[in-house]
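Each chain, letter by letter, is given below.
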Amino acid sequence: MRRFFLGLLALGVLAVVSLIVLPSFVSSDWMRAELSRQLSSATGSSIALKGPVRLSVIPHLAVVAEDVSLDAQSDGVTAEIGEVAGSVTLSSLWSNRLHVKEVRLTRPVVVIRQKPENASTAEDGDGGNGEAKQNDPLAALVAFLERSAIDTISITEGTLRQENAAGAADVVSDLDLTLQAPDIDGELSLSAGARLEDRRYQIALSVSPLRPLLERKPADLSLSVEADPLLAPGLTELKASGQVALNSNGSYQIRGGKLLVGDEELSLDALFIPGDRPRFLADLSADQLDFSAFVGTSASGSSQPAGQSEKQSASTGLQALAGFDADVSVTVGAITVNDISASDAALTATLKDGLLTTRLEHLGIDAGGISAEIIADVRKSEPTFKGRVASKGLDISKLASLAGQSVSLSGTLAMDTGFAFRGLGGDAFRKTVNLSGTAGLRDATFVAPGVTDPSMGEVTIKKLAVKIEDLTKPVLLSGNLAWRGKAADVDLRLPVRELLSGSVPSELPLKLDLRMPEATLSLDGKAALAGSYAGKVKFAATDLRALLAWIGQGGGDSIEQFAFKGDVNASPTGIAFQKATLSVNGVEGTGNGSVELGTPLKISSALHFAELDLARLAGARPASPQAKGKAGSPTPDAPLDLSSLRTIDASIKVDAEKLGYGRVFAGPVATTLVVSEGVASLDLPESPFYGGRMAANLRADGTGEEASIALKASIAGASAAPLLIDLANFKHLEGALQAQFDITGAGATAGALKRALQGSANVRFSDGAIRGIDVADVYNNLVGLMSSGFKQNENNATGFTELGASFAIENGVARTEDIKLVGPLVRMSGSGEANLPNDQLNFRLDPRVVASLEGQGADIATEGIGVPVMIEGSFAAPRIYPDLSGLLKNPDAALSALKKLGLPTGKLKLDELLSGEGKAGSIRDIIGGAIGKPAKDGGDQLSIEEIIGGKATEGGETPPAPPAEEQAVTPDVAAEQPAPEGQQPDQQPAAGTEQPAEESGTLGKLFNQLLQ
């Protein structure tokens, strides 16, 4: 600024010099040339008067020159002035003190150019030693004022440009300045107004009186600065006052001064050392400051001119700081901003050779604190900044309030972060900023704006850590959050540089890992602010129903476990996935597809399944294989909810190696699942099925209050044994199956669906066997069975060439009246029912036995002997036994049948025994005599059921034992009869029940007598 003052002084003495040369004026050309020469000689600069020059004498001696130029190349100063006017009183020309009435510069344009770094002048020798030069412009001004009285020196419509070596410029425009120093014992006043960038400043300076200052003694100083727009909200004016003194080395010092920031006062001690490199030192302190008035107040005054860009408004205003050095310290005991209190604030700023170092040693805010260091290089047109900020325990909401902002986040902040950026203004900051370090939040709460339900919009942050390696890399956020009462661990990587950049790219890299007990979510791809995403997705929910209910959504009631992994391309209108793996209730498939969002959802996909279990998809738990020979535990009555079908329109191509329901599967299968208007239909083409073939059509209807199922199926050549085991754990039937089914049902659970089944079924088994009984062997051993009872043996079987029946199904019970069995040695007809809801069988088969294999293919009407085969109990463990009671209820028919079978009835005396002609009497007499006991009901004869059950020895009396030789011919077979209802065949009798001896049963005594 020294060069500017030199130029200003040179122009100011124009009027005085003109008076010196006035007598020599002869013509205007000569006058301009002479004035130019005299002024150039007096100032050491080149001054040219290019325009007209006018002189006047009354009322004062005055000169007006237009179009004046000044060129001080050695100082880097040039000026173009539209008009220079000066006037002095005539009487002062003959006195020792020149009285200048006015010096006025109109429309001056002053350019100060930075000298190259290697340039030097004769004045550079002591520019950096901290001492003022003797030719300092302010000292020269003081010397001038000692010999002069100046009413007014003014500049109007001025412009000051300061250019660096690269040509970049700082511009001060609309400069208006007025200096008044009429009396050295009076007051020197200076008022100036100028626009710098987007703000206009108004400065007022006064020194009173002026003489003590000139005599190196203290004088009163007053300085005020105003800005429009305001420097800060509510800050209308800065004022400084105190005692200023001019030291012997040319420096200016303020002692015991005051700095008023609004209504807040700080003590001020300052020292200004002019020179080629001026230096400024200041110490500011205060016990307490209240800045509440500066927060939350709207700035008044003019706004930034329309059309002025942020880059223009934040141009290189700091480069002027490169021209001087400074040391400033600020200490404040307590700072108050509304309800925020800060303490022990200590700030230092050092400006040296264009490097500005600012340190916030400490600032305590409530229970926290902050410290920072900023180093700014202001030597270039675009300054650079770097530094570090460290804090702990800072309240976020109070920090935001301190900055005049309101945020939806509360909690405490801790950070230790380094930063760097280049340039001034938000745009330059966003483009160049870089960070490195850590930050963390604790016990924070975020409330999303615009959410009416507080529970939906509030997120609690127990702990959140931010790790920044470099903003060229994604920033890692990890921590523990809680929402709607559930905790979640989160790891999120975001490209903060792209978010800070003014031109955010269409897609941003996004990596998210969210973990909670009920679900996990992983994203690794690119997301757009418009709501789209492309990349990999992993999602798994252990209970999707509970998860949807937690986030306030319905649906998915039939889905418990859900998982997805694949490549996803999502937008606000739909989702497409490729190379995906899906798992619903444990049913896993792979493939591609798309979902169009809306009502209903439109799904199109092609999926491959190793095993597609429709029961598990509908919500039933997976069926586990039962232990061999033992009944399984009851299947849980799983809920069936197909209401989600109402919200879906789907066409899903299915390629399954196995497709079925429960444990019954067909495959491989290729078909299409179609869902429309709440109804799902699946047509199963003829496919491999348990060694045979099957075709089916399945229809699931979710439009009603209860799930509805309809199944039509045909089976050809399937192996019955493994099929029936998988279907009902029934292990007692073998053969090749031919069947047709037409079944419908509805229910809210699997049990209710079974109880509502309706329809028909036709089944035919060929070349098989009934396991657990050999009917032909039963008739060949009737005597032994009548003596010792029947014992079910899974190794025994009744073979057949054909077994068929037709069933009518109502309320889950399948009934038949036309069972037909044709085998090599036996024929059977029968009837009965299978109760599907209760898992129970109840069938009666009436055998018709033939004497030899010659009977193969004989008519079913082959005469029988009245020993039906009963099949009763659960599917998994039915009781299969012959009902022997018919033999004794109809002895004549039994004798006839036994003779047809070729038994030696005469030798065994069965004719006499059964006809009653023998000396021993009839079989009933023998039974009655052998027992020798009245019946339980008080009669003289036991029932046949009691006889077969071996209950003739009640009361503790034992009939007489037969001779030893007779005992020898008695078959040694363990007596066994069908267990009572509810007791398994191999179950022991209850405690306290008398077990018959091996050969002490009534029938045993009977046949001992028959064999005598």
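Refer to the structure above for everything that follows.
Scope of this entry: the structure provided in the associated data block. (Residues numbered from 1 in each chain as written. Predicted model: local features only at pLDDT ≥ 70, side-chain atom pairs only at ≥ 80, totals over all residues. Heavy atoms only, no water.)

As for the overall build of the protein
What counts, and what does not: Comment: elements are numbered from the N terminus, with helices defined as DSSP H or I runs of at least four residues and strands as E runs of at least two. For the exposure calls, accessible area comes from a 1.4 Å probe over protein chains only, and a residue counts as buried if that area is under 20% of its type's maximum, exposed if over 50%, partly exposed in between. We call two residues in contact whenever any of their non-hydrogen atoms come within 4.5 Å of each other. Throughout, the Shrake-Rupley method with a 1.4 Å probe supplies accessible areas, and for residues the shown protein chains are the sole cover considered.
Counting secondary structure elements, the protein contains 23 helices and 47 strands. When burial is assessed residue by residue, the protein has 41% of its 1012 residues classed as buried. Of the contacts formed within the protein by residues at least 6 apart in sequence, a portion of 50% connects residues at least 24 apart. Counting only carbon and sulfur atoms, one obtains 54% of the accessible surface of the protein, whose full area is about 50,700 Å².

Thoughts on a nonpolar patch on the surface
So the rule is basically this: Put simply, a patch holds well-exposed residues, over 30% relative accessible area, that have no salt bridge, with like charges counted together within 9 Å and Val, Leu, Ile, Met, Phe, Trp or Tyr side chains within 5 Å. A pair is scored as a salt bridge if a Lys or Arg side-chain nitrogen falls within 4 Å of a carboxyl oxygen belonging to Asp or Glu.
The grouping of Val57, Ile58 and Leu90 at the surface amounts to a nonpolar patch, some 290 Å² of accessible area in total. Along the chain, isoleucine 58 turns up in the loop between strand S2 (53-56) and strand S3 (61-72). On the basis of relative accessibility, which here comes to 76%, the residue isoleucine 58 falls in the exposed class.

Describing the environment of alanine 718
Topologically, alanine 718 is positioned in strand S39 (residues 707-719). With a relative accessible area of 0%, alanine 718 lands in the buried category. A C-alpha to C-alpha distance of 6.6 Å links alanine 718 and arginine 693, two positions 25 residues apart in sequence. Apart from residues no more than four positions distant in its own chain, alanine 718 is found in contact with Phe689, Tyr690, Gly692, Gly735, Ala736 and Leu737.

Looking at the environment of alanine 756
For alanine 756, the location among the structural elements is in the loop between helix H14 (750-755) and strand S41 (758-771). Classification of alanine 756 as partly exposed rests on a relative accessible area of 25%. On a C-alpha basis, the gap between alanine 756 and glycine 745 in space is 5.1 Å, while along the polypeptide they are eleven residues apart. Not counting chain neighbours up to four residues away, the residues in contact with alanine 756 comprise Thr744, Gly745, Ala746 and Gly812.

Overview of the side chain of glutamate 264
Operational definition: Charge counting treats Lys and Arg as positive and Asp and Glu as negative, with His and both chain ends excluded.
With respect to the secondary-structure elements, glutamate 264 resides in strand S13 (residues 264-273). Here glutamate 264 is buried and forms no salt bridge, its nearest opposite-charge partner lysine 258 lying at an N-O distance of 13 Å. Discounting chain neighbours no more than four positions away, the residues touching glutamate 264 are Leu259, Gln288, Leu289, Asp290 and Phe291.

Notes on the sheet that holds strand S32 (residues 612-613)
Using the following cut-off: At least two DSSP bridges between two strands are required for those strands to pair.
If you walk across this open sheet you meet the three strands as S32-S34-S35, and the pairing is mixed. Looking at which strands have only one partner, the edges of the open sheet turn out to be S32 and strand S35 (664-666). Here strand S34 (residues 659-661) pairs with S35 via three bridges, running antiparallel. In the strand pairing of S35, glycine 660 is matched with phenylalanine 665.

Here's the deal with the side chain of threonine 417
Tracing the sequence through the fold places threonine 417 in strand S20 (residues 409-422). Threonine 417 sits in the buried class, given a relative accessible area of 7%. Ignoring any residue separated from it by four or fewer positions in sequence, one finds threonine 417 in contact with Gly387, Arg388, Val389, Leu435, Ser436, Gly437 and Thr438.

Considerations on the pairing of S39
Taken together, the nine bridges between strand S38 (residues 692-701) and S39 define a ladder with antiparallel strand orientation. Considered in S39, the bridge of alanine 695 is made with serine 714. Counted along the chain from S38 to the antiparallel partner S39, the turn is five residues long. The pairing of S39 with strand S40 (residues 733-747) spans twelve bridges and is classified as antiparallel. Across the sheet, alanine 716 pairs through a bridge with glutamine 738, a residue of S40.

Things to note about helix H13 (residues 720-728)
As a reminder, the rule being used: Directions drawn from the helix axis to the C-beta atoms are what define this arc.
Among all positions in H13, only Ala720, Leu723 and Leu724 are buried. Down the axis of H13, the buried set is contained in an arc of 95°. They therefore lie on one face. Of the surrounding elements, those touching the buried residues of H13 are S35, strand S37 (679-689), S39, S40 and S41.

Quick look at unusual backbone geometry
The omega torsion across serine 208 and proline 209 is -10°, close enough to zero to call that bond cis. Take proline 209: it is sitting in the loop between strand S9 (199-208) and helix H5 (210-214). Geometrically, the link from glycine 667 to proline 668 is a cis peptide bond, its omega value of 5° lying close to zero. By the element assignment, proline 668 lies in the loop between S35 and strand S36 (669-676). One non-glycine residue with positive phi stands out, namely asparagine 729, at about 60°. Turning to its location among the elements, asparagine 729 is positioned in the loop between H13 and S40. We note that asparagine 811 has phi near 55°; this positive angle belongs to a residue other than glycine. The topology assignment puts asparagine 811 in the loop between strand S42 (797-810) and strand S43 (813-822).

A short note on the pattern of salt bridges
Per the stated rule, a full pass over the model turns up 26 salt bridges. Across the pair aspartate 377 and arginine 379 runs a salt bridge, and its minimum N-O distance is 2.9 Å. Judged by its relative accessible area of 18%, aspartate 377 is buried. For arginine 379, a relative accessible area of 44% gives the class partly exposed. Measuring nitrogen to oxygen at the nearest pair gives 3.4 Å for the salt bridge that ties glutamate 469 to lysine 473. Because the salt bridges share partners, they merge into one network encompassing Arg277, Asp325, Lys352 and Asp353.

Brief notes about the packing of aromatic side chains
The condition is simple: Stacked, tilted and edge-to-face are the three classes applied to pairs of Phe, Tyr and Trp rings, where Trp contributes its six-membered ring and a pair requires centres within 6.5 Å; stacked means planes under 30 degrees apart, edge-to-face means over 60, and tilted covers the rest. The rule is short: NZ of Lys or CZ of Arg within 6 Å of the ring centre and within 35 degrees of the ring normal puts a charge over the ring.
Going through the model one piece at a time under the given rule, you end up with five aromatic pairs. Where phenylalanine 564 meets phenylalanine 577, the ring centres are 5.8 Å apart and the plane angle is 85°; that geometry is what we call edge-to-face. Taken together, the positions of phenylalanine 564 in strand S28 (residues 562-571) and phenylalanine 577 in strand S29 (residues 574-584) put the pair 13 residues apart, joining distant regions of the chain. Grouping residues by exposure puts phenylalanine 564 and phenylalanine 577 together as buried. Three or more aromatic residues link up through ring pairs in this structure, and these residues are Phe385, Phe419 and Phe421. Residue placement shows lysine 658 over the ring face of phenylalanine 665; its charged tip is 5.0 Å from the ring centre.

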